[in-house]
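Next come the chains, spelled out residue by residue.
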Amino acid sequence: MSIDNRDFDTLKVHAGYKAEQHNNAVSVPIYQTAAFALGDSYRADRLFSFSEDAPIYTRLSNPTVDVLEKRVAALHGAAGAIGLASGMAAVSYALLNAAGKGGRILTTARLYGGTVDSFSHVYDDAGVGIDIVGNPDDLGEFEKLLKPGTRAIFIESITNPFATIPDLEKIAEIAHSHGIPLIVDNTTATPYLLNPFRHGADVVVYSATKALSGHGNVIAGLVVESGKFDWGNGNFPHFEKPLWFLRDSNDAQRNILQVFPSLPFTGRIRAIHLNYLGAALSPFDAYLVLLGVETLSERVKKQVANTEAVKTYLEGSERVSWVRYPTANGSPYKALADRYLPKGAGSILSFGFAGTEEQKREFLASVKIFGYQANIGDARSLIINPAQTTHVELTPEQRELTGLSIDAIRLSLGLESADDLIADLRQAFERVFPKRA
Ligand SMILES: *Cc1c(COP(=O)(O)O)cnc(C)c1O
């Protein structure tokens, strides 16, 4: 039985690595080198014409990064993956790669703040148009905003900070009926809670900085491809254009689909975006992500349990005006969570602080276990006021679209004891709202 057929929990510790190919090292070695010896000049010819696959230079590929790419691909049953220096590199490279020159991306405002902000600063210069669906719960709006140049639909599977859930399969159907892919940012869910490829996604991106690595000690990103989407369907001329640097040994120009037939999407990102824009993942950082992935299921399972416990406490608090989490009372996303996220809806939860702005600031200053930081998915529990920090770049119009109000407090639940976390929130509420004697 090949390792690729094993269960998720076995793959997360073993996939993509054979110790006998690495001096029998049990832990994945860190190949801390910029370049790799080419051997003789005939081997160099084969390496540079893509007829032999081996590392040349760490900006393009590295054996430590390669293990991470293969392991994450295996966790999804996907054809391949590419490791990058950050989640933002993963999002930007994936969207630019799908769009090509003059293309458009159809998306929503329910995205990571940095991604929304990048729409006004990067894509215009690159000649890529961005169309934003106002209400992503209304699938008709996706249909309405599709244009002849639209080359991908891009969504997040669990959004931040409100943990809304899109109907993945229906949105994938809309994309496929127009011959374009669905790209899903699955950072918050992680592959343990959700495999978007099982629900029609064609490309999945991660900020591995978050729960995938899980220890708040590395910036990293990944793009994963199913290998099933037909990039040669006529909608992606940039995948079919013959390129001189992809020529074969007889100097015949080839296109991306010919050189990377099983991995055209990540192959093109590697050949073009990683090669020329250069956000390469360092071998040491790839090692840290690998180490985190080994305990992914165990960590995320506990984080979901902690989130459920804190949710129940907050729902009973008179100082909380609302709680947003897919399993919270009255959540409109309960049915979608049951369908797509049966193991849990992640560890991001938001609530409305029922007090003044000053009291909210005092509350944030009064927690002792929760860390006040702009991050999520850490082993440590975190707290933040997103409208004034992580999502501060949003224009009032974008904030309106996401429904992000000033009273919102976002939690990212970590691995501490649920009782201690609840006691921490309780003592902070009591400090701000002292009980009258
Ligand atoms: C953090 C985050 C990103 C950006 O990732 P970095 O690793 O910080 O560059 C992208 N998408 C989502 C959903 C995120 O949470």
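None of these values were measured; they are calculated from a predicted model.

Participant: What's the story with the site of the ligand in this structure? I'm lost.
Facilitator: In the vicinity of the ligand, the contacting residues are Ser-86, Gly-87, Met-88, Tyr-112, Glu-156, Asp-185, Thr-187, Ser-207, Thr-209, Lys-210, Ala-220 and Ile-376. In this structure, an oxygen atom belonging to the ligand sits 2.8 Å away from a main-chain N or O atom of Met-88. Note that an oxygen atom of the ligand is positioned 2.8 Å from one of the side-chain N or O atoms of Ser-207. Against a free-state accessible area of 380 Å², the protein chains account for coverage of 94% of the ligand.

Participant: Teacher, can you tell me more about the environment of Asn-329 here?
Facilitator: In this fold, Asn-329 is placed in the loop between β8 (320-324) and α14 (334-340). Remark: the alpha-carbon pair of Asn-329 and Val-67, spanning 262 residues in sequence, is separated by 42 Å. Not counting residues up to four positions away in its chain, the partners in contact with Asn-329 are Glu-315 and Lys-334.

Participant: Whenever I open this one, the domain arrangement of the chain confuses me. Can you help?
Facilitator: For an interface, size is often stated in terms of accessible area lost upon the parts coming together. Per the domain assignment, the segments of the chain are domain 1 (3-292) and domain 2 (297-432). Distance from the C-alpha centre of domain 1 to the C-alpha centre of domain 2: 29 Å. Between domain 1 and domain 2, the residue contacts involve 41 residues of the former and 40 residues of the latter. Of the roughly 3400 Å² buried where domain 1 meets domain 2, counting both sides, 60% is carbon and sulfur surface. In terms of surface lost to domain 2, no three residues of domain 1 exceed Phe-162, Ile-165 and Tyr-192, which account for 23% of the buried area on that side.

Participant: Would you take a moment to explain the packing of aromatic side chains for this structure?
Facilitator: Tallied over the full model, the rule gives 19 aromatic pairs. Measuring from centroid to centroid gives 6.2 Å for Phe-8 and Tyr-192, while their planes differ by 55 degrees, and the two rings are tilted. Taken together, the positions of Phe-8 in helix α1 (residues 8-14) and Tyr-192 in helix α8 (residues 190-193) put the pair 184 residues apart, joining distant regions of the chain. A centroid spacing of 6.2 Å and a plane angle of 10 degrees characterise the contact between Phe-353 and Phe-429, whose relative ring orientation is stacked. One end of the pair, Phe-353, is in strand β9 (residues 348-353); the other, Phe-429, is in helix α17 (residues 418-432), with 76 residues separating them in the sequence. Residue Phe-429 is classed as buried on the basis of its relative accessible area of 4%. Put simply, the rings of Phe-229, Trp-231, Phe-236, Phe-239 and Phe-265 touch in pairs and so form one group of aromatic residues. The cationic tip of Arg-247 hangs over the ring face of Trp-244; the distance from NZ or CZ to the ring centre is 4.0 Å. The ring of Phe-433 has Arg-319 sitting right over it, with the charged end atom 3.9 Å from the ring centre.

Analysis parameters
Residues numbered from 1 in each chain as written. Predicted model: local features only at pLDDT ≥ 70, side-chain atom pairs only at ≥ 80, totals over all residues. Heavy atoms only, no water. Near = heavy atom within 4 Å. Polar contact = N/O pair within 3.5 Å; in protein donor to acceptor, adjacent residues only side chain to side chain. Areas by Shrake-Rupley, 256 points an atom, 1.4 Å probe, with all protein chains shown as cover. Helix = DSSP H or I, 4+ residues; strand = E, 2+ residues; numbered from the N terminus. Contact = heavy atoms within 4.5 Å. Domains from an automatic or database assignment. Buried area = accessible area lost by both parts, 1.4 Å probe. Phe/Tyr/Trp six-rings, centres within 6.5 Å; stacked < 30°, edge-to-face > 60°. Buried < 20%, exposed > 50% of the residue type's maximum accessible area, 1.4 Å probe, protein only. Lys NZ or Arg CZ within 6 Å of the ring centre and 35° of its normal.

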